[in-house]
Amino acid sequence: MNFIEWIKQPWPWYVAGPLIGLTVPTLLIMGNKSFGISSSLRHVCAACFPSKIPFFQYDWKKELWNMFFVVGILLGGILTAAFLWNPEPIQVHANLANELSGYGITNYTGLVPVDVFNWPALFTLRGFIMMVAGGLLVGFGTRYAGGCTSGHAIMGISNLQMPSLIATCCFMAGGFIMANLVLPFILSL
Amino acid sequence: MSTNTTFVEAKTPNTDFEVRSLDTMCVNDTKRQEPWYSNIKYLVLGVIFGIVFTKAEVISWFRIQEMFRLQSFHMYGVIGSAIAVGMLSIFIIKRFNIKTIHGEKIEFHDKKFNKGQIYGGLIFGFGWAITGACPGPLFAQIGTGATVIIVTLISAIAGTWIYGKFRDKLPH
C-alpha cells in the first residue's frame, strides 16, 4: 500500500484527537487567540445584521482571524474531498445501520447521510426539522451556552474552567436525550 | 436619533466587557495592530484542522449518532485526547511563561458560571444530535460537497441572531 492510499483511510482517534488538541497552543502562541468556533456565527451577525442589537455592537474586525480560520476549515473539507477521499462507504456499528435502514437511510457514500440531507428533502417535514430547525438549535444553543465543543469542551476544560465542564455535560445530556428519545420520531416522519 | 446614538456609544464598552467576561470564546488578546494578511496563518491552520476533522470522520452524522448511542469509542477518544493535549499544553505555557511569537504574554480568562451554560448547553446538545454537527464541522461538511448544509449554517447564524435579539429576556 502506498502513502496516498494509506493516508486516505479514516484516521484513528489517537491521531486526530492530539492534532485537534494542538490547535489550542498553536493559536495561543501564534497570536494570543483562544480556540473557539461558534463565535464566528456571532461575528457574521455583527458584521452583516447588527440591527442595533447591543450583543452585536463590538469591533468584529478585531476578530477577523476567526473568520479566516473557519474559511480554512471549509477549504480543508474541499481539499480532503478532492485529494484524500476514502472511496469506501463509511463503516458504522451494525446496530446503527440496522436502526437507520428502518428510516430509509441506506446510503453510506457520504459523511452526511444523503438520504436525509439533500436539497429536495428541505421541502419535507423531516428534512426541514433536521436541517433548518436543527441549525437554529445549534446556533441559538451555542451562543446561549457561550461556546461549543471547541470553546467549552476543548479550550475551556483544558484551562480547568468549571463552567465549561458544566456546559459540556449539558451538551452531552442534550445529545443523549435527542438521539435516543426524540430523533427516532423525527427520522420516521 | 441623537438619543439613539448616545445609547449605542454608551453601550459599546459595556458589551465589549461582556464579550470578554461572559463569553470569552475565541477572543483575540493581542494588543498588536496587525494588517489583514497576517490572518492568512489562521486560514492555513484552519485548512489543516479541516483536513483532520474530515479524515477522522468527526464531521460525520453517523459518528455523532454512534457517540450518543454508546456504539463507538471513536468520538470519546478524539474529544478526550484533544482535551488531554490541550490541558498539558496550557499547563506548559503557564508553567514556563511561554510568550507568543511576537513576545506578548499569553492571556487566559476565567469563565463565570451562568444558567445559560445549562439551558444553552442542552439546546445545543439537541441540535448537535439532529444535525450531527457542531459549528466547526458544518463548514467542513459543506466543503466535502454536502452543499445543502449551507442551509443549516444559515439557520445556525439565524439562531445566534435570535439569541442576541432576545438575550435580555432569557434567564442567565
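Residues numbered from 1 in each chain as written. Chains lettered and ligands numbered in written order. Predicted model: local features only at pLDDT ≥ 70, side-chain atom pairs only at ≥ 80, totals over all residues. Heavy atoms only, no water.

## Looking at the overall build of chain B
Scanning chain B from terminus to terminus reveals 7 helices and 0 strands. Listing each helix as α and each strand as β along chain B from the N terminus yields α-α-α-α-α-α-α. Here chain B holds 172 residues, and 57% of them are scored as buried. Excluding contacts between residues fewer than 6 apart, the proportion of contacts in chain B whose partners are at least 24 apart in sequence is 48%. Accessible area for chain B stands at about 7,500 Å²; split by element, carbon and sulfur atoms hold 67% of it. (Helix = DSSP H or I, 4+ residues; strand = E, 2+ residues; numbered from the N terminus. Buried < 20%, exposed > 50% of the residue type's maximum accessible area, 1.4 Å probe, protein only. Contact = heavy atoms within 4.5 Å. Areas by Shrake-Rupley, 256 points an atom, 1.4 Å probe, with all protein chains shown as cover.)

## Remarks on the overall build of chain A
On a plain count of helices and strands, chain A comes out with 8 helices and 0 strands. N-terminal to C-terminal, the α/β element order of chain A is α-α-α-α-α-α-α-α. Along the first, second and third principal axes, the C-alpha set of chain A runs to 50 × 45 × 35 Å. Going through the 189 residues of chain A one by one, you find that 56% of them count as buried. A fraction of 48% describes how many contacts in chain A between residues 6 or more apart in sequence connect residues 24 or more apart. Of the accessible surface of chain A, which amounts to about 7,700 Å², a share of 72% is contributed by carbon and sulfur atoms.

## Some words on the domain arrangement of chain A
By a frequent convention, interface size equals the accessible area lost on bringing the separate parts together. All names here are of chain A. Segmentation of chain A into domains returns domain 1 (1-85) and domain 2 (116-189). Summarising the inter-unit geometry, the C-alpha centres of domain 1 and domain 2 are found 18 Å apart. Listed as interface residues are 12 residues of domain 1 and, on the opposing side, 9 residues of domain 2. Of the roughly 800 Å² buried where domain 1 meets domain 2, counting both sides, 73% is carbon and sulfur surface. Per-residue buried area on domain 1 facing domain 2 is highest for Val-24, Phe-35 and Ser-38; these three make up 52% of the total on that side. (Domains from an automatic or database assignment. Buried area = accessible area lost by both parts, 1.4 Å probe.)

## Side note on the interface of chain B and chain A
Each side of the interface is counted separately: chain B has 125 residues, and chain A has 136 residues. When chain B packs against chain A, the two sides together hide about 11,600 Å² of surface, and 74% of this comes from carbon and sulfur. Applying the counting rule to chain B against chain A returns 1 salt bridge. In this structure, Glu99(A) and Arg69(B) form a salt bridge, with 2.9 Å as the shortest nitrogen-oxygen distance. On inspection of chain B and its partner chain A, the count reaches 28 residue pairs in polar contact (both at pLDDT 80 or more). Looking at the side of chain B that touches chain A, the elements with two or more residues in it are helix H1 (2-21), helix H2 (40-55), helix H3 (61-68), helix H4 (74-95), helix H5 (116-131), helix H6 (135-143) and helix H7 (149-166) of chain B. (Salt bridge = Lys/Arg side-chain N within 4 Å of Asp/Glu carboxyl O. Polar contact = N/O pair within 3.5 Å; in protein donor to acceptor, adjacent residues only side chain to side chain.)

## A few points about the nonpolar core
Formed by 99 residues in total, the largest nonpolar core has its most connected members in Phe35(A), Leu100(A), Phe117(A), Met130(A), Leu187(A), Trp61(B) and Trp128(B). In this structure Trp128(B) touches Val138(A), Thr149(A), Phe171(A), Met172(A), Ile64(B), Met67(B), Phe68(B), Ile79(B), Ala133(B) and Cys134(B), once residues within four positions along its chain are discounted. (Core = buried A, V, L, I, M, F, W, Y, C linked by side-chain atoms within 4.5 Å.)

## What to know about the packing of helix H7 (residues 149-158) of chain A against helix H8 (residues 162-187) of chain A
All names here are of chain A. Put simply, H7 and H8 touch, their axes get as near as 8 Å, and they point 135 degrees apart. Taken together, the axis directions place H7 and H8 in an arrangement best described as oblique. Crossing angle aside, the handedness with which H7 passes H8 is left-handed. Residues Thr-149, His-152, Ala-153, Gly-156 and Ile-157 of H7 form the contact with H8, whose participating residues are Pro-163, Ser-164, Leu-165, Ala-167, Thr-168 and Phe-171. (Axes fitted to C-alpha atoms, helices over the stretch in contact; angles between N-to-C directions. Parallel < 35°, antiparallel > 145°, perpendicular 65-115°, else oblique. Left-handed = near helix turned anticlockwise from the far one by under 90°.)

## Some remarks on H6(B)
Burial analysis of H6(B) places 9 of its 9 residues in the buried class, the great majority of the element. For H6(B), the complete set of buried residues consists of Pro135(B), Gly136(B), Pro137(B), Leu138(B), Phe139(B), Ala140(B), Gln141(B), Ile142(B) and Gly143(B). Among the structural elements, helix H3 (39-48), helix H4 (64-83) and helix H6 (125-145) of chain A together with H2, H5 and H7 of chain B are those in contact with the buried residues of H6(B).

## Observations concerning H5(B)
All names here are of chain B. Spanning 16 residues, H5 covers 21 Å between terminal C-alpha atoms, matching the ideal 22 Å at 1.5 Å per step. By the criterion of burial, H5 is predominantly enclosed, with 12 of the 16 residues buried. Among all positions in H5, only Gly-116, Gln-117, Gly-120, Gly-121, Ile-123, Phe-124, Gly-125, Gly-127, Trp-128, Ala-129, Ile-130 and Thr-131 are buried. Just beyond H5, the residue with positive phi is Gly-132, at close to 70 degrees. (Expected span 1.5 Å × (residues − 1).)

## Some remarks on the packing of aromatic side chains
Counted according to the given criterion, the structure contains 23 aromatic pairs over all chains. A ring pair is formed by Trp65(A) and Phe69(A), whose centres lie 6.5 Å apart and whose planes are at 45 degrees; its orientation type is tilted. With a gap of 4 residues between them, Trp65(A) and Phe69(A) both fall in helix H4, about one helical turn apart. Exposure remark for Trp65(A): the relative accessible area of 1% places this residue in the buried category. Seen from their ring centres, Phe176(A) and Phe68(B) are 5.6 Å apart, and the 75 degrees between their planes marks the pair as edge-to-face. In this pair, Phe176(A) sits in helix H8 while Phe68(B) sits in helix H3, so the two residues belong to two different chains. Since its relative accessible area comes to 27%, Phe176(A) is described here as partly exposed. When its relative accessible area of 1% is taken as the criterion, Phe68(B) is described as buried. Grouped by ring-pair contacts, the aromatic residues Phe35(A), Trp65(A), Phe69(A), Tyr42(B), Phe49(B) and Phe53(B) constitute a single cluster. (Phe/Tyr/Trp six-rings, centres within 6.5 Å; stacked < 30°, edge-to-face > 60°.)

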